[in-house]
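Residue-level structural notes
What follows is each chain in one-letter form.
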Amino acid sequence: MATGARTAMRTEIDATLVLMQWLSPAYPVGAFAYSHGLEAAVEAGWVSDARGLEDWLSDVLLHGTGRNDALLIAAAYRAETRLEVDEIDTTARAFAPSKERLTEADRIGAAFGDTTGAIWATDLAGLVYPVALGRAARLEGLPQALTATLHLQAFTSNLIAAGQRLLPVGQTEGQAMLRRLSALCPQIAADTDAGDLSELASTAFLTDIASMRHETQYSRIFRT
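Residues numbered from 1 in each chain as written. Predicted model: local features only at pLDDT ≥ 70, side-chain atom pairs only at ≥ 80, totals over all residues. Heavy atoms only, no water.

Quick look at the overall build of the protein
Put simply, the test is: Helical segments are the DSSP runs of H or I of at least four residues, strand segments are the runs of E of at least two, and each set is numbered from the N terminus. This radius of gyration counts C-alpha atoms alone. The globule rule is 2.2 Å times how many residues there are, raised to the power 0.38. Working definition: with a 1.4 Å probe on protein chains only, accessible area under 20% of the residue-type maximum means buried, over 50% means exposed, and in between means partly exposed. The contact definition used throughout considers only heavy atoms, calling two residues in contact when any of these lie within 4.5 Å. Surface exposure here means Shrake-Rupley accessible area, sampled with a 1.4 Å probe, where a residue is shielded only by the protein chains that are shown. A positive count includes Lys and Arg, and a negative count includes Asp and Glu. His and the chain ends are not counted in either. A charged residue contributes its charge at one atom only: NZ of Lys, CZ of Arg, CG of Asp or CD of Glu.
Across its full length, the protein holds 11 helices and zero strands. Computed over C-alpha atoms, the radius of gyration of the protein comes to 17 Å, within 12% of the 17 Å expected from 2.2 N^0.38 for 224 residues, which places it in the range of a compact globule. Referenced to the eigenvectors of the C-alpha coordinate spread, the extents of the protein come out at roughly 55 × 35 × 30 Å. Classification of the 224 residues of the protein by burial places 51% in the buried group. Pairs at least 24 apart in sequence give 80% of the contacts found in the protein among residues at least 6 apart. Surface summary for the protein: the accessible area is close to 10500 Å², and the carbon and sulfur share equals 56%. Of note, the protein has its 18 positive side-chain charges centred 3 Å away from the centre of its 27 negative side-chain charges.

Written as structure tokens, this is what we have:
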């Protein structure tokens, strides 16, 4: 049996329900423990209010980790064999801009792989999070574009929640921000649909620097 065989494509409703479960805050991957460098950015004064948080997250989505995650999801989804998936995972790890970013992707990926593997009997061991998610979506017959789009929204939602723990950003304000930023997600998924890893890049330099600074930050509540 080919390890990359695509299962029958699920109905749209069924696929959406599976992805909502995987990407829910209740799914035990521990994403709430990671700020993706945002905590260091707040400590440095680079982000100080709701407007600054939204600008920061827009850059992350369009020019940093968000876009790269979508590329990795697409590449892993299109891979035909586990060997190809492992090569994509190696690329993802090499591209991590800091120790903490790699730790974040690795630990969330491990937790996602353990839980999803136990429930869906899918081998996702040893994969960083976006690669594991793309692989799981392929094996379960979930639409690639929907997977990437909902991942980007969940990623953004988690970072808004982190911002609300660090900044004076209210619940309604945070949800309005999520609505605006969610509008970017389908286009990012469409732009990265081919999964061409030669397009991996980041010009959101300050977000990368923030993740490096967080490694030595003395007082912190997030792992990254």
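What to know about the confidence of the model for the protein
Worth spelling out the cut-off: pLDDT is defined as a per-residue confidence score from the predictor, taking values between 0 and 100.
Summing up the model confidence of the protein, the mean pLDDT is 95 and the portion of residues at 70 or higher is 96%. In this model residues 1-6 is a low-confidence stretch, pLDDT under 50, and it forms 11 contacts with partners more than four residues away in sequence or in other chains.

Quick notes on a negative patch on the surface
The cut-off we apply is this: Each patch is assembled from residues with relative accessible area greater than 30% and no salt bridge, linking like charges that lie within 9 Å and nonpolar side chains (Val, Leu, Ile, Met, Phe, Trp, Tyr) that lie within 5 Å. Throughout this description, the term salt bridge denotes a Lys or Arg side-chain nitrogen within 4 Å of a carboxyl oxygen of Asp or Glu.
A contiguous patch of negative charge on the surface is contributed by Asp49, Asp55, Asp59 and Glu173. Position of aspartate 55 among the secondary structure elements: in helix 3 (residues 50-63). The class for aspartate 55 is partly exposed, based on a relative accessible area of 46%.

A closer look at the layout of surface pockets
Operational definition: Whether a set of points on the 1 Å grid over the protein atoms alone is a cavity depends on a 1.4 Å probe fitting there but being unable to get out, while an open set qualifies as a pocket with protein on both sides within 12 Å along at least five of seven lines; lining residues are those with an atom within 4 Å of a point. Grid points are joined across faces, edges and corners, and a volume is the space filled by probe spheres set on the points. Throughout this entry, Asp, Glu, Lys and Arg are counted as charged residues, while Ala, Val, Leu, Ile, Met, Phe, Trp, Tyr, Cys and Pro are counted as nonpolar. The remaining residues, Gly among them, count as polar.
Roughly 900 Å³ of volume is contained in the largest pocket. Along the wall of the largest pocket there are 43 residues; nearest its centre are Asp69, Ile108, Tyr129, His151 and Phe155. Contributing elements (two or more residues each) for the lining of the largest pocket: helix 1 (12-22), helix 4 (65-78), helix 5 (82-95), helix 6 (99-120), helix 7 (129-139) and helix 8 (144-166). With nine residues, helix 8 is the single largest residue contributor to the lining of the largest pocket. Residues belonging to the lining of the largest pocket are distributed by class as follows: 28 nonpolar, 11 polar and four charged.

With respect to a nonpolar patch on the surface
The grouping of Trp46, Phe205, Leu206, Ile209 and Met212 at the surface amounts to a nonpolar patch, some 450 Å² of accessible area in total. Phenylalanine 205 gets classed as exposed once you look at its relative accessible area, which sits at 53%.

So, helix 11 (residues 205-214)
Defined as follows: The directions considered for the arc run from the helix axis to the C-beta atoms.
Residues of helix 11 that are buried: Thr207, Asp208, Ala210, Ser211 and His214. Seen from one end, helix 11 has its buried residues packed into an arc of 155°, which puts them on one side. In this structure, the buried residues of helix 11 make contact with helix 2 (38-44), helix 3 and helix 6.

Concerning the environment of alanine 74
You can see alanine 74 is positioned in helix 4. Here the alpha-carbon distance between alanine 74 and leucine 150, two residues 76 residues apart in the chain, equals 13 Å. Excluding anything up to four places from it in sequence, alanine 74 contacts Gln144, Thr192, Asp193 and Gly195.

Quick look at the nonpolar core
What counts is decided by this rule: What we call a nonpolar core is a set of buried Ala, Val, Leu, Ile, Met, Phe, Trp, Tyr and Cys residues that are connected through their side-chain atoms within 4.5 Å.
Formed by 37 residues in total, the largest nonpolar core has its most connected members in Trp22, Phe112, Val131 and Leu142. When residues of this core are traced back to their parent elements, those giving at least two are helix 1, helix 4, helix 5, helix 6, helix 7 and helix 8. Residues Leu38, Ile160, Ile188 and Ala210 belong to the second largest nonpolar core, which totals 26 residues.

A closer look at the side chain of arginine 82
Our working rule: Polar contact is defined as a pair of N or O atoms within 3.5 Å, subject to the rule that within protein one atom must be able to donate a hydrogen and the other to accept it, and that residues adjacent in sequence are counted only when both atoms are side-chain atoms.
Position of arginine 82 among the secondary structure elements: in helix 5. Looking at arginine 82, its side chain comes within polar contact range of the main-chain oxygen of aspartate 123, at 3.3 Å. At 2.5 Å, the side chain of arginine 82 and the backbone oxygen of alanine 125 are in polar contact.

Structural notes on the environment of glycine 141
Following the sequence through the fold, glycine 141 ends up in the loop between helix 7 and helix 8. The exposure class assigned to glycine 141 is buried, which follows from its relative accessible area of 0%. Taking the C-alpha atoms as reference, glycine 141 lies 9.3 Å from threonine 11; in sequence the two are 130 residues apart.

Examining unusual backbone geometry
Here histidine 36, not a glycine, exhibits a phi torsion of approximately 60°, which is positive. For histidine 36, the location among the structural elements is in the loop between helix 1 and helix 2. For histidine 36, a relative accessible area of 5% translates into the label buried. The phi dihedral of alanine 121 is positive, around 55°, even though this residue is not glycine. Topologically, alanine 121 is positioned in the loop between helix 6 and helix 7. The exposure class of alanine 121 is exposed, given its relative accessible area of 70%.

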